[in-house]
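Next come the chains, spelled out residue by residue.
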Amino acid sequence: MSVLVNKDSKVIVQGFTGSEGTFHAGQMIEYGTNVVGGVTPGKGGQSHLDRPVFNTVSEAVAKTGADVTIIFVPPAFAADAIMEAADAGIKVIIAITEGIPVKDMIKAKEYIKSFDCTLVGPNCPGVITADEAKVGIMPGFIFKKGNVGIVSKSGTLTYEAADQVVKAGLGITTAIGIGGDPIIGTTTKEAVQLLMNDPETHGIVMIGEIGGNLEAQAGAWIAENGTKPVVAFIAGVTAPKGRTMGHAGAIVGGEDDTAEAKKRILREHGISVVDSPADIGKTMAEILGVNA
């Protein structure tokens, strides 16, 4: 089992022939991901990376049966690319693009509600099911198959957590980078729910940061419905109040937005919270009874 993507996923790349799309599509293909083509308006009929290029997502879906897309479209056009993918029947839409205007994302998120699809991102590293499919920009060699799922707002901390979990002898089922923008598709709670329902996932690493209330919502759901151990880390303990830190959504707006407040809330919900990212792997190993 896996969540969102697996070896059978048929993946297209929007923004396929651009520099970012080209580089990361090449990495995805090298990892073994089933990339069946890509979309660049005006370049339909061409071949790129030995894969067909289409003018529209609907054409790509009709010709390849694609069910997953990854978006490397510039910020001004990325929200339209998300809506086009939903319109075409894509089931999993992974938006890597950073800097999409908030008003555009509000429109796109509302628009796709009427479609049977899942949006991950934007401003995220993507989704990887270890040893099956990498639909994102993460370094694939770090992720080895195992039984721990990862949900994270941070790209680099996703990789750090995965490396630790693998070195602790556990490995990864699926890692979901949800992104750090104010308006995102899949929330922390929704990503945790997916992994809780995956029989191969025995434990979950949840990485959050200052700003917003996604971690608190996830913690409340875990306290009521959780069936697997969760190890959490919250970044931004030293962040000054009122200053955006890295991600557009990482800004402390109220008392419950701080890292310390989030850690307290999660602990109250029975979640194992570590104060240093260096403790993620060994803490999960201890909980699952694995000797690292």
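The paragraphs below set out a description of the structure included in this document. Sequence order sets the numbering: in each chain, residues are counted from 1 along the sequence as written. Local features in this predicted model are restricted to residues whose pLDDT is 70 or higher, and side-chain atom pairs enter the listing and the counts only when it is 80 or higher, whereas totals over whole chains, interfaces and linings include all residues. Think of the side-chain values as coming from all heavy atoms in the structure, minus any hydrogens and water.

**So, the overall build of the protein**
Point 1. Only runs of H or I of at least four residues qualify as helices and only runs of E of at least two qualify as strands under DSSP, and these elements are numbered from the N terminus. Along the protein, the regular secondary structure elements total nine helices and 14 strands.
Point 2. In this description the radius of gyration comes from C-alpha coordinates, and the expected globular size is given by 2.2 Å times residues to the power 0.38. Its C-alpha radius of gyration of 18 Å places the protein within 12% of the 19 Å reference for a compact globule of 292 residues.
Point 3. Along the first, second and third principal axes, the C-alpha atoms of the protein reach 55 × 40 × 30 Å.
Point 4. Within the protein, buried positions represent 55% of all 292 residues.
Point 5. What makes two residues a contact is simply this: any of their non-hydrogen atoms within 4.5 Å. A separation of at least 24 residues holds for 72% of the contacts in the protein among residues at least 6 apart in sequence.
Point 6. As presented, the protein carries roughly 11900 Å² of accessible surface, and 51% of it is formed by carbon and sulfur atoms.
Point 7. The convention is simple: Lys and Arg are positive, Asp and Glu are negative, and His and the chain ends are not counted. A charged residue contributes its charge at one atom only: NZ of Lys, CZ of Arg, CG of Asp or CD of Glu. Averaged over its 24 positive side-chain charges, the protein has a centre that lies 1 Å from the centre of its 32 negative ones. Only protein chains enter the accessibility calculation, which uses a 1.4 Å probe; a residue whose area is less than 20% of its type maximum is buried, one above 50% is exposed, and one in between is partly exposed. To be clear on the numbers: accessible area is Shrake-Rupley with a 1.4 Å probe, and residue cover counts the displayed protein chains and nothing else.

**What to know about the sheet that holds strand S13 (residues 230-235)**
Point 1. Taken in spatial order, the seven strands line up as S9-S8-S11-S10-S12-S13-S14 in an open sheet, and their pairing is mixed. Since the sheet does not close on itself, it has two edges, and those belong to strand S9 (133-136) and strand S14 (272-273), each with one partner.
Point 2. Between any two strands, pairing holds if DSSP finds at least two bridges. As paired strands, strand S8 (residues 126-129) and strand S11 (residues 172-177) are joined by four bridges and run antiparallel to one another. Opposite Val 127, over in S11, you have Ile 176 as the bridge partner.
Point 3. Note on method: axes are straight lines fitted to C-alpha atoms, helices fitted across the in-contact stretch only, with angles between N-to-C directions ranging 0 to 180 degrees. Helix-sheet contacts for helix H8 (residues 259-268) involve strand S12 (203-209), S13 and S14, and the interaxial angle to S13 is about 170°.

**Focus on the pattern of salt bridges**
Point 1. Any Lys or Arg side-chain nitrogen located within 4 Å of an Asp or Glu carboxyl oxygen qualifies as a salt bridge. Taken as a whole, this structure holds 13 salt bridges when the rule is applied.
Point 2. Here Asp 163 ties to Lys 167 by a salt bridge, and the two come within 3.0 Å at their closest N and O atoms. Of the two residues, Asp 163 and Lys 167 are both situated in helix H5 (residues 155-167); the distance of four residues between them amounts to about one turn of the helix.
Point 3. For Lys 167, a relative accessible area of 64% translates into the label exposed.
Point 4. A salt bridge links Lys 262 to Glu 215, with the nearest nitrogen and oxygen atoms 2.5 Å apart. Here the residue Lys 262 occupies a position in helix H8, and Glu 215 occupies one in helix H7 (residues 214-225), the gap between them amounting to 47 residues.
Point 5. Note on Lys 262: relative accessible area 3%, which makes it buried.

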